[in-house]
Amino acid sequence: MKTGLVLEGGAMRAAYTMGVLDVMMENNIKYDGIIGVSAGAIHGASYVSNQPGRNIRYYKKYAPDKRFMSMQSFMKTGDIVGKEFCYNEIPWKLDPFDNETFKNSDTEFYVVAANVETGESEYIKLNDLKDPDQMEYLRASASMPVVSKIVEVGGKKLLDGGVTDSIPLRAFQNMGFTKNVVVETRADSYLKTDERLGANEIIYRKYPEFLKAVRFRPKMYNDEKAYVALEEKLGNVFLIRPKEELNISRTDTNPDHLEAIYQIGRTDAEEVMDNLIKFLNE
């Protein structure tokens, strides 16, 4: 029975995920596979490279920098998240990512991206982030629609995987990972409501299948949350999520706010750690 770790995105809400993952790493928990969406993919990579503390450290230090995530970056480059700063300077110069440990890990690592032309999900296995294409796949998974340019890599046009598969438990089960830990960044009470397409209709008018995915996203998300809850009741999933909605916006770069959400994640993980270890060892 292969164990998996499924990581929802949520931009800065995923500071919660950072806390959960750090506690798991500190307890030396290993998985056969990890699949991450958007910010979940970013943080999952540091799990595979076994670098506890790295994500919250560099987020708190560099998130206030306008090159990290800002409207200034969006107006200048078309990407709210700075490509050069976040995917080159930080991981290879300012707070180095341990690519050798990542490459040599026995854990299979996948990211989810939305194919803009087909409106379907792409599940991409990564094992070397020094490979420019693989780093681009990681960036694509976290490239939010409207405020990010389409990422073209491997002959595909890609954006944030959360549009088409926000909590990819079913996909991971279909890959053979049958005992899964799922980390969500929304409380149990949260349901996604219908959203107007707004700017999406203008920006992606040439991509009707992607617009269908955007329109369908609330139902997809709510169905996936319900499926995770069902699998938890059946004993196939161990679910970790906030007890209440997290008081942070998707674009909040305040270090104190990030630290507060990170600590909530740590506390929640510490509270269930004994049961998590028991679940994985059963």
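The preceding data block contains the structure.
Each value, and the rule that gives it
- Residues numbered from 1 in each chain as written.
- Predicted model: local features only at pLDDT ≥ 70, side-chain atom pairs only at ≥ 80, totals over all residues.
- Heavy atoms only, no water.
- 1 Å grid on protein atoms, 1.4 Å probe; cavity = no way out; pocket = protein on both sides within 12 Å on 5 of 7 lines; lining within 4 Å.
- Points joined across faces, edges and corners; volume = space filled by probe spheres on them.
- Helix = DSSP H or I, 4+ residues; strand = E, 2+ residues; numbered from the N terminus.
- Nonpolar A, V, L, I, M, F, W, Y, C, P; charged D, E, K, R; others polar.
- Core = buried A, V, L, I, M, F, W, Y, C linked by side-chain atoms within 4.5 Å.
- Buried < 20%, exposed > 50% of the residue type's maximum accessible area, 1.4 Å probe, protein only.
- Contact = heavy atoms within 4.5 Å.

Next up on the list: empty space enclosed by the protein. For the structure shown, the criterion picks out 3 cavities of 30 Å³ or more. If you add up the space inside the largest cavity, you get close to 370 Å³. Every residue lining the largest cavity is counted, 23 residues in all, and those nearest its centre are I42, Y58, Y59, C86 and Y87. Elements represented by at least two residues in the lining of the largest cavity include exactly helix 2 (39-48), helix 3 (54-62), helix 5 (83-94) and helix 7 (132-141). Residues belonging to the lining of the largest cavity are distributed by class as follows: 20 nonpolar, 2 polar and 1 charged. Estimates place the volume of the second largest cavity at around 60 Å³. D79, V81, Y87, R139, A142, S143 and S148 are the residues that line the second largest cavity. A class-by-class count of the residues in the lining of the second largest cavity yields 3 nonpolar, 2 polar and 2 charged.

Looking now at the nonpolar core. By size, the foremost hydrophobic cluster in this structure holds 64 residues, and its most contacted members are L5, M24, Y31, F68, L126, V181 and L276. If we ignore the near neighbours within four places in the chain, the residues touching M24 are L5, I29, Y31, Y47, V181, V183, I240, M273 and L276. Residues L169, Y221, V228 and L239 belong to the second largest nonpolar core, which totals 16 residues.

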